[in-house]
Amino acid sequence: MAVSQTHLSALSPTVHKRRINRDLVIAIVALTPSIIAVAIFIYTFIAWTFYVSLANWNTSVVDYTFTGLGHWERMFNSFRFQMDLRNLALYALGFMSQCIVIGFLLASLLDQHIKGEAVFRTIFIFPFAVSAVVTGVAWRWLMRPDTGINLLFEQLGLGFLKSNWFSDPTFGILFVTIASSWQFSGYIMALYLAALRGIPAEVREAAQIDGCNTWNLYRHIIIPMLAPVTFTAIVLTGMGAIRVFDIVMVMSGTGQAFSTDMLATHMFEQMFTANRFSAAAVIGSFMIILSALLVVPYLLSVRKEQEQ
Amino acid sequence: MRHAFSLKRLWSRGAIYATLIAFALYFLMPVYVLVNTSFKPYTEVSIARMWELPQGLYLGSFSEAWSKVSPNFLNSLIVTVPAAIISSLIGSLNGYIFSKWRFRGSNTIFLLFLIGMFLPYQGILIPMVLTLRAFGLYGTIPGLIFIHCVFGIPITALMFRTYYANVPDDLVDAGKIDGCGFFGIYRHILLPIAAPAFAVVLLWQFTSIWNDFIIGLVVLSNPRLAPVTVAVQNLAGSFTTEWNIQMSGALIAAAPTIIVYLLLGKLFMRGLLAGSVKG
């Protein structure tokens, strides 16, 4: 500290101040390349995609002729896109509920002073370290109608549970969420577990002294206290549902009559198989709008919380 | 009374462990199938005997799968390692600026970074392909590395900002008083204590870039240059490929991230929490 003090007296206040201002300029300059990269590769590209959705680019030759909302209208009226919306609703329902219920359940159980907690935790989280492609390869084999889980059911005398899984022409997409939730629930569990560990012991003790049983403790105290984590989990799993691509491609593809088609797989095929870039851009822009509706309010609320 | 209470307690402890074990078995079921099928020769792979253990440890599936996916495994390595390192370095600088050199508007810029982190890639794929093509980077490995570095900017900035925020500002002020400038403070005060943050961010970036499918699929359309995730999908997509080869190919593709996770699980866990924006 003695050193700093001599420095302090050696530097007059104005020199010191000027020095900091100069450093602040250096800081801004150092940040600039990243700002430019994000501005171009994220925000300009999004605007560009929106513009392509309003143009008339339907072949491999670039065509920026402005045509307005025609491609949007055609897309929203198409059977395939309507199936995508239906499938998104089903997928979101299945994926979000499984991830949040399983994640919360496992976190609350692991929070009960469990022997071998680390082993359980490792098993539950490791699927998150595995790619969706690998997950899809394993589950595709497990969900074959003629073997896999159906075979297991049969051998266990549970033959009535046999299913066509993702080949089901109506609810096939729901079965894809079994695989994606297998992969993602551990992440949600980790979030809940960290939050549970942050609840002070006095809260539980006070509840117990008041004669609160475990059910009421969770119902009236712990679950409300975990609301911010649940909010985060809803946003993360909701985003996962909107953007899902890999696992659908590997497991089921677009399915019979688009029964397992999703926005991202549709967008990909419009772009790479059909070269209908304006149609692809409509789907891409729509995905951006959906995600922004979910993410922007969330991030603003997180920021508000941190400022308080 | 006391007896009844402890009996009830015993019962509820039993139920807790039974539920956890049931879920553990459920979580391990796909792993069992992957590993089990990988060690069987094709003649032993049948839909009726899927759950039966192999008669011996047959390694032929692995060597055959390796001969098919090894070039792509190498591609993934060539892409992932530099991209993870470069994006961690960029993130460490950005996180330092966002946490210790706040200026008017810096919080808004940070918020815009975060929003960008969440938006789906489908909203930018078309311009990305056009731009890479214009610069001759489309279909090349440097092009893919570049894209991963750019899309890593928000998450790495977030992770480092969270870490540096816990470094007391007094330490930075002391550095300023000692005459350290912008880079001096970074090098002498923050970098020496940033090793844990680097480990977490490197691990996170390594895992997410290694596991990426869509960007690799779009940027490297040539199957010879494609990353290993795309190669595994191509293996699995062709119905002529034997199941044992598909499974061992998938295991080979998953091996690096699984090994890293088992060795450095604690850091991975911290990355999970730091990557969720909360706090």
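No experiment lies behind these values; they were computed from the predicted model shown.

K.L.:
Please set out the overall build of chain B residue by residue, giving values where relevant.
P.N.:
Looking only at helices and strands, one finds twelve helices and zero strands in chain B. Listing every helix and strand of chain B by position from the N terminus yields α-α-α-α-α-α-α-α-α-α-α-α. Whereas a compact globule of 279 residues would reach a radius of gyration of roughly 19 Å, chain B reaches 24 Å, over 25% beyond that. Projecting the C-alpha coordinates of chain B onto the three principal axes gives extents of approximately 75 × 75 × 30 Å. Expressed as a percentage of the 279 residues in chain B, the buried residues total 48%. Within chain B, contacts between residues at least 6 apart in sequence are counted, and of these 78% link residues at least 24 apart.

K.L.:
Could you give an account of unusual backbone geometry, with specific residues and numbers?
P.N.:
Residues and elements named next belong to chain A. Its identity is not glycine, yet W165 carries a phi of approximately 55°, on the positive side. Secondary-structure assignment places W165 in the loop between α7 (148-155) and α8 (172-197). Exposure remark for W165: the 24 C-beta atoms within 10 Å place this residue in the buried category. Unusually for a residue other than glycine, F258 sits at a positive phi of about 60°. Note that F258 resides in the loop between α12 (246-251) and α13 (263-273). Residue class for F258 comes out buried when judged on the 20 C-beta atoms lying within 10 Å of it.

K.L.:
Please give an account of the nonpolar core that cites residues and values.
P.N.:
Y192(A), M159(B), V232(B) and A250(B) are the most contacted members of the largest nonpolar core, which has 171 residues in total. Y192(A) has contacts with G103(A), F104(A), A107(A), L226(A) and V229(A), leaving out every residue within four places of it along the chain.

K.L.:
Describe the domain arrangement of chain A, with residues and values.
P.N.:
All names here are of chain A. According to the domain assignment, chain A contains domain 1 (2-54) and domain 2 (78-307). Placing a centre on the C-alpha atoms of domain 1 and another on those of domain 2 gives a separation of 38 Å. The interface is formed by five residues belonging to domain 1 together with seven residues belonging to domain 2.

K.L.:
Explain helix α6 (residues 132-142) of chain A residue by residue, including any values.
P.N.:
For α6(A), a buried count of eleven out of eleven residues is recorded, marking the element as mostly surrounded by other parts of the structure. Listed in full, the buried residues belonging to α6(A) are A132(A), V133(A), V134(A), T135(A), G136(A), V137(A), A138(A), W139(A), R140(A), W141(A) and L142(A).

K.L.:
Lay out the confidence of the model for chain A in plain terms, naming residues and giving numbers.
P.N.:
Residues and elements named next belong to chain A. On average, residues of chain A score 90 in pLDDT, and 94% of them reach the 70 mark or higher. Of all the helices and strands in chain A, helix α1 (residues 2-10) carries the lowest mean pLDDT, 42, while helix α4 (residues 79-110) carries the highest, 97. Contacts from residues 1-10, a stretch scored under 50 in pLDDT, to residues over four places away or in other chains number eight contacts.

K.L.:
How would you sum up the interface of chain B and chain A? Please name residues and give values.
P.N.:
In this assembly, 70 residues from chain B lie in contact with 83 residues from chain A. If one sorts the elements of the side of chain B that touches chain A by residue count, helix α1 (residues 2-38) of chain B sits on top with ten residues. Residues that form the side of chain B that touches chain A fall into these classes: 52 nonpolar, 15 polar and three charged.

K.L.:
With reference to specific residues and values, describe the domain arrangement of chain B.
P.N.:
One frequently used descriptor of interface size is the decrease in accessible area upon assembly of the parts. Taken as a whole, chain B is organised into domain 1 (2-29) and domain 2 (62-274). The C-alpha centroid of domain 2 of chain B is placed 40 Å from the C-alpha centroid of domain 1 of chain B.

K.L.:
So, the environment of T131(B): which residues are in play, and what are the values?
P.N.:
Residue and element names in this part refer to chain B. Locating T131 in the fold gives a position in helix α4 (residues 125-134). The partly exposed category is assigned to T131, around which 19 C-beta atoms lie within 10 Å. Through-space distance from the C-alpha of T131 to that of G143 is 10 Å; in sequence the pair is twelve residues apart.

K.L.:
Pulling in residues and values, what's your account of helix α3 (residues 106-118) of chain B?
P.N.:
End to end, α3(B) covers 19 Å across 13 residues, agreeing with the expected 18 Å (1.5 Å per residue, within 8%). For α3(B), every residue scored as buried is listed here: I109(B), F110(B), F113(B), L114(B), I115(B), G116(B), M117(B) and F118(B).

K.L.:
Outline the environment of A274(B), listing residues and values.
P.N.:
All names here are of chain B. Relative to the assigned elements, A274 resides in helix α12 (residues 265-274). Taking the C-alpha atoms as reference points, A274 and L57, separated by 217 residues in sequence, lie 41 Å from one another. Among residues more than four places away in sequence, those in contact with A274 are M159, T162 and V200.

K.L.:
Tell me about the environment of I21(B), residues and numbers included.
P.N.:
All names here are of chain B. Within the fold, I21 resides in helix α1. Under the C-beta neighbour-count criterion, I21 is labelled exposed, with 12 such atoms within 10 Å. With 31 residues separating them along the chain, I21 and E52 place their C-alpha atoms 21 Å apart.

What counts and what doesn't
- Residues numbered from 1 in each chain as written.
- Chains lettered and ligands numbered in written order.
- Predicted model: local features only at pLDDT ≥ 70, side-chain atom pairs only at ≥ 80, totals over all residues.
- Helix = DSSP H or I, 4+ residues; strand = E, 2+ residues; numbered from the N terminus.
- Rg over C-alpha atoms; globule rule 2.2 N^0.38 Å.
- Buried ≥ 20, exposed ≤ 12 C-beta atoms within 10 Å, placed from the backbone.
- Contact = placed C-beta atoms within 7 Å.
- Core = buried A, V, L, I, M, F, W, Y, C linked by C-beta atoms within 7 Å.
- Domains from an automatic or database assignment.
- pLDDT = per-residue confidence, 0-100.
- Nonpolar A, V, L, I, M, F, W, Y, C, P; charged D, E, K, R; others polar.
- Expected span 1.5 Å × (residues − 1).

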